[in-house]
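Structure assessment
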Amino acid sequence: MPSETMGLYEVEYSAVPAADGKAWVAHVAIYGHSNNPMHRNCLFPDQRVSLEAVFPTSAEAEAEARRVAVEMLESSSSHSRAQ
């Protein structure tokens, strides 16, 4: 499962086989800062994103999951600045 630090967040994005076993779906989990190195502060638990989409390859599903994570964090950041 690819993991990447994006700003203050740790993002895990992955491809999970679809129920039919012939395609892939995109999954994302986002973690925030924690003072305890043995514990991650889960802000967005691992779940499927782009609910209507399935992808022919795992690489395409991972790319979509990463795109959604970036979009979520940018949206959250711009929303925080607007307040």
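You'll find the structure just up there.
A few points on the structure.

On to the packing of aromatic side chains, then. Using the criterion set out here, one finds zero aromatic pairs in the structure. Across the ring face of Tyr-31, the terminal group of Arg-40 is positioned such that the distance to the ring centre comes to 3.7 Å.

Turning next to unusual backbone geometry. With a phi angle near 50 degrees, Ser-50 is a residue other than glycine that sits in the positive phi range. Counting through the fold element by element, Ser-50 comes out in the loop between β4 (41-49) and α1 (58-82). Its relative accessible area of 22% is what places Ser-50 among the partly exposed residues.

The next point concerns the sheet that holds strand β1 (residues 3-6). Read across the sheet, four strands follow the order β1-β2-β3-β4 without closing on themselves; strand pairing throughout is antiparallel. Since the sheet does not close on itself, it has two edges, and those belong to β1 and β4, each with one partner. For this sheet, the mean angle separating the axes of adjacent strands, direction not counted, is 20 degrees. Across four bridges, the pairing between β1 and strand β2 (residues 9-17) is antiparallel. Residue pairing for β2: Met-6 is matched across the bridge by Tyr-9.

For the structure shown, the criterion picks out five salt bridges. Put simply, Arg-40 and Glu-10 hold a salt bridge, and the shortest N to O gap is 3.1 Å. Highlighted residues: Arg-40 in the loop between β3 (24-32) and β4 and Glu-10 in strand β2, separated in sequence by 30 residues. Since its relative accessible area comes to 27%, Glu-10 is described here as partly exposed. Salt-bridge contacts for Arg-40 lead to Glu-12; the nearest nitrogen and oxygen are separated by 2.9 Å. Remark: Glu-12 occurs in strand β2 and Arg-40 occurs in the loop between β3 and β4; sequence separation between them is 28 residues. Classification of Arg-40 as partly exposed rests on a relative accessible area of 35%. Exposure remark for Glu-12: the relative accessible area of 15% places this residue in the buried category. Because the salt bridges share partners, they merge into one network encompassing Glu-10, Glu-12 and Arg-40.

What counts as what
Residues numbered from 1 in each chain as written. Predicted model: local features only at pLDDT ≥ 70, side-chain atom pairs only at ≥ 80, totals over all residues. Heavy atoms only, no water. Phe/Tyr/Trp six-rings, centres within 6.5 Å; stacked < 30°, edge-to-face > 60°. Lys NZ or Arg CZ within 6 Å of the ring centre and 35° of its normal. Helix = DSSP H or I, 4+ residues; strand = E, 2+ residues; numbered from the N terminus. Buried < 20%, exposed > 50% of the residue type's maximum accessible area, 1.4 Å probe, protein only. Pairing = 2+ DSSP bridges. Axes fitted to C-alpha atoms, helices over the stretch in contact; angles between N-to-C directions. Salt bridge = Lys/Arg side-chain N within 4 Å of Asp/Glu carboxyl O.

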